[in-house]
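# Residue-level structure breakdown
Chain by chain, the residues run as shown.
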Amino acid sequence: MPDLFSPFTLKDVTLRNRIAMSPMTMHRSVDGVMGDYHVMLYGSRAAGGFGLVFPEQIAITPEGRTTIACAGLWDDRHIEGLARVTRIIKEMGGVPAIQLGHTGRKGSEQKPWEGKRQLPPDHPPDTLHHGRDS
Ligand SMILES: Cc1cc2nc3c(=O)[nH]c(=O)nc-3n(C[C@H](O)[C@H](O)[C@H](O)COP(=O)(O)O)c2cc1C
């Protein structure tokens, strides 16, 4: 693999190598906000040498989260946490990427270890989840 560790340039972005970390949802956000856990995780991956680092899927609406603990970017209060994550990735020599997403009508469920496929008891009533088990 002679090219794996060589830089890759696309327009004005240059990766130090061709190794990318896939987005992997961690279910550790609170109300969509990314915190110290995300700074630690993605910063350490950049420090470990990934050229491109995707933080997990970032939901564009609260209903579009996979679970209620997914990261989001539907409100200005989400900016600071995501900015911290992108800043540490850059400081560690990586390039931050983003995956904007919406899980669809079956999204916004409970965390996997708290009974995924169940809506949390305090989930606001909405019309998006009709037929969710069909
Ligand atoms: C815990 C976990 C969370 C994941 N979350 C996402 C995600 O948020 N977005 C996404 O597109 N893929 C997600 N995936 C899929 C991974 O990004 C990746 O595509 C998958 O692990 C296969 O990787 P590979 O093609 O390198 O083998 C997740 C995978 C795992 C194991």
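Refer to the preceding data block for the structure.
Residues numbered from 1 in each chain as written. Predicted model: local features only at pLDDT ≥ 70, side-chain atom pairs only at ≥ 80, totals over all residues. Heavy atoms only, no water.

### Examining the site of the ligand
The condition that has to hold: Residues are labelled near a given molecule or strand when at least one of their non-hydrogen atoms is within 4 Å of it. Polar contact is the term for a pair of N or O atoms within 3.5 Å; when the atoms are in protein, one must be able to donate a hydrogen and the other to accept it, and sequence-neighboring residues count only if both atoms are side-chain atoms. For the area figures, the Shrake-Rupley method with a 1.4 Å probe applies, and any residue is considered shielded solely by the protein chains shown. Three residue categories are used. Nonpolar comprises Ala, Val, Leu, Ile, Met, Phe, Trp, Tyr, Cys and Pro, charged comprises Asp, Glu, Lys and Arg, and polar comprises the others, including Gly.
The full set of residues close to the ligand is Ser22, Pro23, Met24, Thr25, Gln57 and Gln99. Between Gln57 and the ligand, the recorded distance is 3.3 Å, taken from a backbone N or O atom to an oxygen atom. One of the side-chain nitrogen or oxygen atoms of Gln99 is found 2.8 Å away from a nitrogen atom of the ligand. For the ligand, whose free accessible area comes to 610 Å², the fraction covered by protein is 38%. Class assignment for the residues of the shell around the ligand results in 2 nonpolar, 4 polar and no charged.

### With respect to the sheet that holds strand E6 (residues 95-96)
The strands making up a sheet associate through backbone hydrogen bonding, with each pair oriented either parallel or antiparallel. Test applied: In short, DSSP must find at least two bridges between two strands for them to pair. Counting from the N terminus, the helices are the DSSP runs of H or I reaching at least four residues and the strands are the DSSP runs of E reaching at least two.
Overall, parallel pairing links the 3 strands, which are arranged E3-E4-E6 in an open sheet. Either end of the sheet is taken by a strand with one partner, and the two such strands are strand E3 (20-21) and E6. Strand direction decides the pairing type here: strand E4 (residues 52-53) and E6, joined by 2 bridges, are parallel. Among the inter-strand pairings, Leu52 is bridged to a residue of E6, identified as Val95.

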